[in-house]
Amino acid sequence: MSNSASGNSPAAPLRLLEVLEPSGGGSGRHFVDLCRGMHARGHHVEAIYSPVRAEEGFVRELKALGLAAVHAVDMRRAPGPSDLPSFRAIGRIIRGAGPFDVIHGHSSKAGALTRLRLPGPHVPRVYTPHAFRTMDPALGRGGRLIYGGIESLLAWFFTDRLVTVSEDEFAHALSLGLPQERMSVIVNGVEAPSPEMAQTVRASFGIPSDAFVFGFIGRLTAQKAPERLLDAFRSIASSVGNSHLVMVGSGELEGELRRAIAASGLQNRIHLTAAFTGPQAVCAFDLLVMPSRYEAMSYVMLEAAAAGRPIIISEVGGAKTAVEHGENGFIIPNSDDISPLAKAMIAAADPGTYPRLAKAADACRDRFTLERMLDQTEEVYQRLAATRRR
């Protein structure tokens, strides 16, 4: 390890450029933590984010870090004509604010825009996908060939180090034919969420202290599949009578979900909010439910593990890293058939089962630390920078 627990780095300070497109969710959490951590260790850190899909809280937190500079560049998720001005804007920042020792692109769009480059002095490029687009089971064969081909081209010819955040994502990268010798696995890390907001979250919705709370945290998008959870809760509401569902997030499915909640007849037991962050809300839950269609290594899952909460999660990337089926939670089939999810929710809330799940979950609190993630990422940066300086 290159650092002490105090965050002081004995190695030479680096000039780092961190670039992100989605600007929120788990990738946003990782981005802010990484920028904060590298800045605290004495490195010169500049950040580029896209305001197009940015969450207000993410922007506020990023700008409050005290980085050397924070730049806004419009980037859109889907490939299109807007990529050319985005590419040019990032290039101007690299030339004007550089030279940098390492440039790190996060997410597929920022990863592509930062790695593509014209001939000239080489600055090492690092890429963290935060879930390859090809991991989406809804992506057709043609889409997988196109996106997989782009990932392969960029990995072989434009990437110095590709960082996957779970063994599952690493295995997926190998299945795409990406070069193993240029890849590292660095599992996301978190700080343990504070329980101080738990009662506030419950009280804000009038949830009794003895109620069983199923929780969801994430973007309200097709990837996170919040509609699966909503349908499952409606199907078990009568069976688990003293239960509530708290959904924390925002996104394009919010209107649809609010209409479904209004039509469910369970408005007093289903609560959808963006007033709290994930770390603030997770300790208010008895159990986290993640019905996602695909993930690489979810921050929400790790924060729940750090809070000692059992987890129900669909069989997606990283699930087996944090959840041992039947011990500290349940891993269910990744399907739009909600019956396995509903059965797992009933089983988890059973008074004879839940204490055992909670005890096992409590024993897993310290498995995924932020310092470990920062140490391993800084080691990659230092190694690449040393190679460049030779």
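The following paragraphs examine the structure supplied in this document.

1. Quick look at the overall build of the protein chain
Then comes step 1: A tally of regular secondary structure across the protein chain gives 15 helices and 13 strands.
Then comes step 2: The globule rule puts the C-alpha radius of gyration for 390 residues at 21 Å, and the 21 Å found for the protein chain is close to it.
Then comes step 3: Counting the 390 residues in the protein chain, one finds 57% classified as buried.
Then comes step 4: Residue pairs in contact within the protein chain that sit at least 24 positions apart in sequence constitute 70% of those at least 6 positions apart.
Then comes step 5: Working note: accessible area of the protein chain is about 16300 Å², and carbon and sulfur atoms make up 54% of it.
Then comes step 6: Computing the positive centroid from 42 side-chain charges and the negative centroid from 40, the protein chain places the two 5 Å apart.

2. Observations concerning the pairing of strand 11 (residues 287-290)
Then comes step 1: Of the two faces of strand 11, both are covered, the one formed by Leu287 and Val289 as well as the one formed by Leu288 and Met290.
Then comes step 2: Judged from the two bridges that link them, strand 8 (residues 212-217) and strand 11 form a sheet pairing that is parallel. Note that in strand 11 the partner of Phe214 across the bridge is Leu287.
Then comes step 3: Direction of pairing for strand 11 relative to strand 12 (residues 311-314): parallel, over a ladder of three bridges. Paired with Val289 across the bridge in strand 12 is Ile312.
Then comes step 4: For the handedness criterion, the β-α-β arrangement of strand 11, helix 11 (residues 299-306) and strand 12 is classed as right-handed.

3. Section: unusual backbone geometry
Then comes step 1: The omega torsion of the bond from Gly98 to Pro99 falls at 5 degrees, within 30 degrees of zero and hence cis.
Then comes step 2: Locating Pro99 in the fold gives a position in the loop between helix 3 (83-97) and strand 4 (102-106).
Then comes step 3: For His130, which is not a glycine, the phi torsion comes out positive at approximately 55 degrees.
Then comes step 4: Along the chain, His130 falls in the loop between strand 5 (125-128) and helix 5 (141-158).

4. Brief notes about the pattern of salt bridges
Opposite charge on two side chains permits pairing when their charged atoms draw close.
Then comes step 1: For the structure on display, the rule yields 22 salt bridges.
Then comes step 2: Here Glu56 ties to Arg60 by a salt bridge, and the two come within 3.5 Å at their closest N and O atoms. Of the two residues, Glu56 and Arg60 both sit in helix 2 (residues 56-63), four residues apart, roughly one turn of that helix. Grouping residues by exposure puts Glu56 and Arg60 together as exposed.

5. Side note on the packing of helix 3 against helix 4 (residues 108-115)
Then comes step 1: Packing of helix 3 against helix 4 brings their axes to within 9 Å, and their N-to-C directions diverge by 60 degrees. If you check the angle between helix 3 and helix 4, you find them oblique. The interaxial crossing formed by helix 3 with helix 4 has right-handed handedness. Facing helix 3, whose interface residues are Asp83, Ser86, Phe87 and Ile90, helix 4 presents Lys109, Leu113 and Thr114.

6. Here's the deal with the sheet that holds strand 8
Then comes step 1: In spatial order, the strands read 10-9-8-11-12-13; together these six strands make up an open sheet with parallel pairing. Single-partner strands in this sheet number two, and they are strand 10 (270-273) and strand 13 (329-332). Between one strand axis and the next, the sheet turns through 20 degrees on average, direction left out of account.
Then comes step 2: Across the face of the sheet, helix 8 (residues 226-236) comes into contact with strand 8, strand 9 (243-248), strand 10 and strand 11 while running at roughly 170 degrees to strand 9.

7. Concerning a nonpolar patch on the surface
Then comes step 1: Residues Leu153, Trp156 and Phe157 make up a contiguous nonpolar surface patch of roughly 350 Å² in combined accessible area.
Then comes step 2: Position of Phe157 relative to the elements: it lies in helix 5.

Reading the values: rules and limits
- Residues numbered from 1 in each chain as written.
- Predicted model: local features only at pLDDT ≥ 70, side-chain atom pairs only at ≥ 80, totals over all residues.
- Heavy atoms only, no water.
- Helix = DSSP H or I, 4+ residues; strand = E, 2+ residues; numbered from the N terminus.
- Rg over C-alpha atoms; globule rule 2.2 N^0.38 Å.
- Buried < 20%, exposed > 50% of the residue type's maximum accessible area, 1.4 Å probe, protein only.
- Contact = heavy atoms within 4.5 Å.
- Areas by Shrake-Rupley, 256 points an atom, 1.4 Å probe, with all protein chains shown as cover.
- Lys, Arg positive; Asp, Glu negative; His and termini not counted.
- Charge placed at Lys NZ, Arg CZ, Asp CG, Glu CD.
- Pairing = 2+ DSSP bridges.
- Right-handed = clockwise from strand over helix to strand, strands pointing away.
- Salt bridge = Lys/Arg side-chain N within 4 Å of Asp/Glu carboxyl O.
- Axes fitted to C-alpha atoms, helices over the stretch in contact; angles between N-to-C directions.
- Parallel < 35°, antiparallel > 145°, perpendicular 65-115°, else oblique.
- Left-handed = near helix turned anticlockwise from the far one by under 90°.
- Patch = residues over 30% accessible without salt bridge, like charges linked within 9 Å, V, L, I, M, F, W, Y side chains within 5 Å.

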